Amino acid sequence: MDFQYSTYRIQLRHPFTISRSSKNFYDIVFIYLTDKGVTGVGEAAPSDRYNEKFNQILRTLQSISLDDIDESDPLEKQLDRIFERCQGYRSLMAAFDMALHDLRGKQNSTPLYDYFGANPDQTPVTSFTIGIDKLEVIQEKVEEAADFPILKIKLGTQDDKAIINTIRNVTDKKIRVDANEGWNLDEALRMCEWLEKKNVEFVEQPLPASNIEDSEKLKEQSPLKLIADENCMNSTDIPKIRNAFDGINIKLMKCGGLFEALKMIRLARENDLEIMLGCMVESSVAITAAAHLSPLVDYADLDGNVLIKNDPYIGVRLKEGKLLLPIEPGLGVQIRTKNKES
Ligand code: MG
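Everything quoted here is computed from the prediction, not taken from an experiment.

(A) Quick peek at the packing of aromatic side chains. One pass over the structure, following the stated rule, counts seven aromatic pairs. Seen in terms of ring centroids, F3 and F96 are 5.5 Å apart; in terms of plane orientation they differ by 65°. Their pairing is edge-to-face. Of the two residues, F3 sits in strand β1 (residues 2-18) while F96 sits in helix α3 (residues 90-107), which places them 93 residues apart along the sequence. Look at F3 and you get buried, because its relative accessible area is 14%. Ring geometry for Y8 and F30: centres 6.0 Å apart, planes at 50°, overall tilted. With Y8 in strand β1 and F30 in strand β2 (residues 21-35), this pair connects stretches of sequence that are 22 residues apart. A relative accessible area of 26% means that Y8 is categorised as partly exposed. Ring pairs connect the aromatic residues F3, Y5 and F96, which therefore count as one cluster. Sitting over the ring of F25, R9 keeps its end group 3.8 Å from the ring centre.

Have a look at this one:
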């Protein structure tokens, strides 16, 4: 199988700040797999939080050859053999996994949602993420997000209550909160009790991932549901956190792709955990890949492509926040041209 890759710098509409970092751009890698004249595309958006760096991804790619991959093998076997060469980098595994799913979908004339047995009419509404910012900027961002019925608010700052009050001065729409490990047990409990009165649906990752014991205590007392993000990388984490959270946030860049994400969906259901599909700041390639799984989950937070101003692809679209899947085979993404929407 032939493969190529290219690098791309995605520029953010606003600097994106969460409790541990602030960024204006992210460097990503697109991977292209070609077999018998058909090409599939995938994306790696490495995250510092998971100790994955753009340069490491590039160095690893330079060492990879897929010449010995047997295209007649089942997709899972081909993926296993490719993953062995990814040196554990989940975002790189996700990129190959996406590209191979796209390629096979195109060869079989099947949109990915069909391949996953997902009903495209049952996609959820995605939330729109508001990063940490000055209160007046947060207010502007909330106004810009008028088309989105659900907001996801990044907290874990000294001004958490002021941030929520500022938003509540402008809108009463549903809020999800993501503390990105920014609280301790006392703060988390006080905030969950306070947020419950503010039309907040759930709280994502209130405590540091290293502190599962306190998360278990918090879950017993919190009036709001708790969703694991940093505490749930892939399916192997699910049994460990089932008593500490009410649900999990699956991200392709954390877990290593669609195949593992499907495994997580099945395992979460067996453990009575709710499921959110989330993302990093990513282009429409990776967001569309995740969106094909979205009819199988409870919540979507797939707005990474909306936060950037130079998305090179078009794929999943939004109507008042609802994800509209492309019907073309594979991922169904296309390169954005001037004649297509901006
Ligand atoms: Mg999160």
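Right, picking up where we left off after that structure.
(B) Looking closely at the coordination of the magnesium ion. Every protein donor of the magnesium ion is listed here as D178 (OD), E204 (OE) and D229 (OD), and their distances to the metal cover 2.1 to 2.3 Å. Taken in sequence order, the residues that donate to the magnesium ion follow the motif D-x25-E-x24-D. A residue pair is termed long-range when its members are at least 10 positions apart, and D178 in strand β6 (residues 174-178) and E204 in strand β7 (residues 200-204) qualify at 26 residues. Of the two residues, D178 and E204, both sit in the buried class.

(C) How the structure looks around the domain arrangement of the chain. Examined at the domain level, the chain breaks down into domain 1 (2-109) and domain 2 (115-335). Relative placement of domain 1 and domain 2: their C-alpha centres are 22 Å apart. Of the residues lining the interface, 40 residues belong to domain 1; the matching set on domain 2 comes to 47 residues. Carbon and sulfur atoms supply 63% of the area that domain 1 and domain 2 bury against each other, a total of about 3,500 Å² over both sides. Between the two partners, domain 1 and domain 2, sit one salt bridge. A salt bridge links E181 to R49; its shortest N-O distance comes to 2.9 Å. Here domain 1 is connected to domain 2 by 17 residue pairs in polar contact (both at pLDDT 80 or more). Here the side of domain 1 that touches domain 2 takes 11 residues from β1, the largest share from any one element. When its residues are assigned to classes, the side of domain 1 that touches domain 2 shows 20 nonpolar, 10 polar and 10 charged.

(D) Fine view of the pattern of salt bridges. Considering all chains together, one arrives at 23 salt bridges under this definition. Taking the shortest distance from any N to any O, the salt bridge between R104 and D35 comes out at 3.0 Å. Note that R104 is positioned in helix α3 and D35 in strand β2, a separation of 69 residues in sequence. Residue R104 shares its accessibility class with D35, and that shared class is buried. Linked by salt bridges that have partners in common, K152, K154, D178, E204 and D301 make up one network.

(E) Region of interest: helix α8 (residues 212-221). Residues of α8 that are buried: I212, D214, S215 and L218. Down the axis of α8, the sector holding all buried residues measures 150°, keeping them to one side. Away from the buried face of α8 by more than 90 degrees, exposed residues E213 and E220 are located. Where α8 is buried, its residues touch α7 (185-195), β8 (225-228) and α9 (238-241).

The rules we used
- Residues numbered from 1 in each chain as written.
- Predicted model: local features only at pLDDT ≥ 70, side-chain atom pairs only at ≥ 80, totals over all residues.
- Heavy atoms only, no water.
- Phe/Tyr/Trp six-rings, centres within 6.5 Å; stacked < 30°, edge-to-face > 60°.
- Helix = DSSP H or I, 4+ residues; strand = E, 2+ residues; numbered from the N terminus.
- Buried < 20%, exposed > 50% of the residue type's maximum accessible area, 1.4 Å probe, protein only.
- Lys NZ or Arg CZ within 6 Å of the ring centre and 35° of its normal.
- Donors = N, O, S within 2.8 Å, 3.2 Å for Na, K, Ca; no water.
- Domains from an automatic or database assignment.
- Contact = heavy atoms within 4.5 Å.
- Buried area = accessible area lost by both parts, 1.4 Å probe.
- Salt bridge = Lys/Arg side-chain N within 4 Å of Asp/Glu carboxyl O.
- Polar contact = N/O pair within 3.5 Å; in protein donor to acceptor, adjacent residues only side chain to side chain.
- Nonpolar A, V, L, I, M, F, W, Y, C, P; charged D, E, K, R; others polar.
- Arc of directions from axis to C-beta.

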